[in-house]
Amino acid sequence: MFKQRFTAYEIFQVFVVCSFTVHVWSVYNLLKEAPAWMLRMSAGELTATIAYVLAFTLFESVVVCLGIVLLGVLLPSRWLRSKLATLASVVLYLAILGSGVAYKLGARPETWAGKEFVFAGSLFVAASAAAYLFVLRFPGLERKILAIVDRVSVLTLAYVFFDLIAVLVVIIRNV
Amino acid sequence: MFENAGMKPQLGRRDFLKWASLLPFLGVKWPGLVDQPRGFSRDSQAPNVLILVFDTLSARHVSLYGYQRETTPNLARFAERATVYHAHSAGGNFTSPGTASLLTGTYPWSHRAFHIQGTMSRLFEARNIFSLFGSKGYYRIAYTHNQAADALLYQLRQHLDERKEPRELSVLFHPVPDRLFPNDYNVARTAEAQFLRSGIGEDLWPSSLFLAWFYNTLWGQRAWSVKQKLADAFPRGAPDYNSQERSGLILLLEDAIDWLQTQVSRLPRPYLAYIHLFPPHAPYATRREFIDIFDDGWAPLPKPRLFFDQEASEEHLNLQRRLYDETIAYVDAEFGRLYDDLQKTGALENTCLVFTSDHGEMFERGIIGHVTPALYHPLVHVPLLISRPGQAVREEVYTPTSAVDVLPTLLHVTGQPIPEWCEGEVLPPFGEGAAKSERGIFTVEAKENPKQGPLTKGTVSLRRGRYQLIHYFGYLGVEREFELYDLENDPEERENLYSPNNPLAVELQKALEEKLQEMNRPYLA
């Protein structure tokens, strides 16, 4: 079913988008906290802590990528028309924007009741759908988005390379 | 069976049965291989040692020490058969330094656990109360609700026969690394918190873009349902000890006391038990029967706001003070329950019971709590009561003492030598040449310095006799300041006696700065 719907390159593009955005968010927030860790940690502990965060980030990248691919399988193929990477880009960039705004406004999901989560989730889905349709109306914009995907692919591979080293560090520290 | 060299060895049916007859021996618990208490030279006559630490308990709020609200009637009962230390100081003003000073008998500038969630220098992984008592054949057990203290206990786990995890006595405990990464808990815990639960400050967000939303929402739902169940017993809110840090640690003091009662009769003797319980730490979650017991309208006179004013109003300070006092009464009631049980079972006849705290709390000068660079007396002065096995009368000690003295005193009581690296002294009335009144006692706040570097920004207080000098250095706008108080004539620290022309101030200042230079020297080389 996957082969009928998506080429390997399309899935690679989706992974690039997911991995890049998830890593940018993760590393940005990691760097805000890391100076405080430097005061109390040795170089080894600091490296290990960063390794854990990178390993968790790789896990999240894979989970999000699988989620987008699953979405691509579930949605009617005419809605996507080989534009899964575009959809992924829209969803992920919107997630960064939405999360940043929400946290800045003091959102605390641990205080939410279920309906607040459903409302926020619905808002995000609706915004993603609207943004996706908007992008589809402007082929130039879509081409630019895909160009960004191509350009960040090398950086993403570098992230993944460091993630794999991080996973190795985590394994070594736990055996 | 393998006599034909060069041939492939074959295991016959008879050989198999012969070897199989040895299988039952695999089930034998061979001495030395089994996970049993490590008391190789156990001395059944040696006294047990039970150290009971209530987090954030300021002696200035304890009626036993003269506080005007009757917060600790049960502690007063215990005092009738204990030595009461009236001028006891913590090693630091928050959990990590205060606890590490208790565990190592050294000041924060030596053990280096002076950051929030900080750990000690590796040197102290071999120099601590558990390693010393282990060599004497003591069975060593430790438990804490507090994750900052648990980071230290985890660091010393190789010297513990049992380390009960915070999760085990919690109603709700949501960090997962203790299950996923038990061999690397301290590091994994920090990373997990960063990934999923960051958000202490406005601009500190979790590193997870998606999972944090799901995780925190689901966890919040679970915490909410637990809090609903506890709402009747705790109308002011459930005892959620890390709600600000999103760690979701809900626990009941009652559960810990119940557990401790069962341990006292279960543990192999002699034992050393270090039990560090979270209350009366914020959020001052008091059980229903203690609510409003101190709604008496009392308000202490406002004090001068000199440094690090958090700009809390006097009304807010007094309200928080009352909530804290009511929580202390709750803690005292639970301690009373434990004390009654220890008396009933006769456990105190062969147990040395130490009651103390890791640091204090303050509600004055615009400052609430203990996360502050300040080192005023309410933050530093903590209770210390030690009951010797079978002690029947109360003794009073007014000599200034320190958290670093607890370890050498316990070593002395249990007949062990005191290592030279220990910075404390044997407390009076235990032993000859006990701690002298005129020695200097220090409290150190240094959380903004690197662990392996000189202390260039912080606060150090020096207590000598009746005087306390507080020295702030390296802070923006507070580059080098001093305060001096006469705690005998001015226990409320209202009149700052510091002046460069005051000979006493100059003498104490010189002693403090020389000590600081001495402790910084290894890091300046």
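Quick caveat, the model's predicted, so the values are computed rather than measured. (Residues numbered from 1 in each chain as written. Chains lettered and ligands numbered in written order. Predicted model: local features only at pLDDT ≥ 70, side-chain atom pairs only at ≥ 80, totals over all residues.)

> So what about the overall build of chain A? Which residues, and what values?
The number of helices and strands found in chain A is seven helices and zero strands. Counting helices and strands in the order they occur from the N terminus, chain A gives α-α-α-α-α-α-α. Summarising its shape, the C-alpha atoms of chain A cover approximately 55 × 40 × 30 Å along the three principal directions. Taken across its 175 residues, chain A has 34% of its residues classed as buried. The long-range fraction of contacts in chain A, counting pairs at least 24 apart against all pairs at least 6 apart in sequence, stands at 83%. (Helix = DSSP H or I, 4+ residues; strand = E, 2+ residues; numbered from the N terminus. Buried ≥ 20, exposed ≤ 12 C-beta atoms within 10 Å, placed from the backbone. Contact = placed C-beta atoms within 7 Å.)

> Describe the nonpolar core, listing the residues and the values that go with them.
Across soluble globular proteins, nonpolar side chains have a tendency to be buried as a group. All names here are of chain A. Within the largest apolar cluster, 167 residues are counted, with the highest numbers of intra-cluster contacts made by Val 14, Cys 18, Tyr 52, Ile 68 and Ala 88. The element that contributes the greatest number of residues to this core is helix α3 (residues 43-74), accounting for 13 residues. Apart from residues lying up to four places away in sequence, Val 14 is in contact with Cys 65, Ile 68, Val 69, Leu 84, Ala 85 and Ala 88. (Core = buried A, V, L, I, M, F, W, Y, C linked by C-beta atoms within 7 Å.)

> Account for the interface of chain A and chain B, naming residues and giving values.
Interfaces are often described in size by the accessible area the parts lose on coming together. Taken together, the contact pairs 31 residues of chain A with 32 residues of chain B. It is helix α2 (residues 8-40) of chain A that provides the largest number of residues to the side of chain A that touches chain B, a total of ten residues. Class assignment for the residues of the side of chain A that touches chain B results in 15 nonpolar, nine polar and seven charged. (Nonpolar A, V, L, I, M, F, W, Y, C, P; charged D, E, K, R; others polar.)

> An account of helix α7 (residues 139-174) of chain A is requested, with residue identities and associated values reported.
All names here are of chain A. Over its 36 residues, α7 runs 49 Å from end to end, which matches the ideal 52 Å to within 8%, given 1.5 Å per residue. When the local axis directions of α7 are compared, the greatest deviation, roughly 40°, occurs at Ser 153. Listing the buried residues of α7 in full gives Val 149, Thr 156, Tyr 159, Asp 163, Ala 166 and Val 170. Contacts made by the buried residues of α7 are with α2, α3 and α5 (84-104). (Expected span 1.5 Å × (residues − 1). Bend = angle between axes of the 7 residues up to and from the residue.)

> Report on the sheet that holds strand β15 (residues 441-445) of chain B, specifying residues and quantitative values.
Residue and element names in this part refer to chain B. Pairing within the open sheet is antiparallel, and its four strands lie in the order β15-β16-β17-β18. The open sheet terminates on both sides in strands that have one partner only, identified here as β15 and β18 (478-486). Averaged over neighbouring strand pairs, the angle between their axes works out to 10° when direction is ignored. Summarising the sheet, strand β16 (residues 458-464) and strand β17 (residues 467-475) pair through seven bridges and their orientation is antiparallel. The partner of Val 460 across the bridge, within β17, is His 471. (Pairing = 2+ DSSP bridges. Axes fitted to C-alpha atoms, helices over the stretch in contact; angles between N-to-C directions.)

> Could you give me a rundown of helix α3 (residues 95-104) of chain B, with the residues and numbers involved?
Residue and element names in this part refer to chain B. Most of α3 sits inside the fold, with ten of its ten residues counted as buried. Within the span of α3, buried status applies to Thr 95, Ser 96, Pro 97, Gly 98, Thr 99, Ala 100, Ser 101, Leu 102, Leu 103 and Thr 104. Of the residues trailing α3, Gly 105 is marked for its positive phi of about 65°.

> Please set out the confidence of the model for chain A residue by residue, giving values where relevant.
For chain A, per-residue confidence averages 91 on the pLDDT scale, and residues scoring 70 or more make up 97% of the total. Mean pLDDT per element in chain A: helix α1 (residues 2-5) of chain A is the minimum at 65, and α3(A) is the maximum at 95. (pLDDT = per-residue confidence, 0-100.)

> So, the environment of Leu253(B): which residues are in play, and what are the values?
All names here are of chain B. Note on placement: Leu 253 falls in helix α10 (residues 253-266). Through-space distance from the C-alpha of Leu 253 to that of Glu 334 is 7.4 Å; in sequence the pair is 81 residues apart. Residues contacting Leu 253, with those up to four places away along its chain left out, are Leu 277, Pro 279, Val 331 and Glu 334.

> Describe the packing of α5(A) against helix α6 (residues 114-137) of chain A, with residues and values.
Residues and elements named next belong to chain A. Here α5 crosses α6 at 130°, and the two axes come no closer than 9 Å. Viewed along their axes, α5 and α6 adopt a mutual orientation that is oblique. Crossing of α5 against α6: the hand is right-handed. For the pair α5 and α6, the contacting residues are Thr 86, Leu 87, Val 90, Val 91, Leu 94 and Gly 98 in the first and Phe 124, Ala 127, Ser 128, Ala 131, Tyr 132 and Val 135 in the second. Among the residues forming the contact of α5 with α6, the class breakdown is nine nonpolar, three polar and no charged. (Parallel < 35°, antiparallel > 145°, perpendicular 65-115°, else oblique. Left-handed = near helix turned anticlockwise from the far one by under 90°.)

> Could you give an account of the sheet that holds strand β8 (residues 271-277) of chain B, with specific residues and numbers?
All names here are of chain B. One open sheet holds the eight strands; their spatial order is β5-β4-β8-β1-β9-β12-β2-β13, and the pairing between them is mixed. Whereas interior strands pair on both sides, the edge strands pair on one side only; in this sheet they are β5 (162-164) and β13 (395-397). Averaged over all neighbouring strand pairs, the angle between strand axes comes to 10°, with direction disregarded. Direction of pairing for strand β9 (residues 351-356) relative to strand β12 (residues 384-387): antiparallel, over a ladder of four bridges. Across the sheet, residue Leu 353 finds its bridge partner in β12, namely Ser 387. Where helix α6 (residues 147-155) meets the sheet, it contacts β4 (139-144), β5 and β8, and its direction lies at approximately 155° from that of β4.

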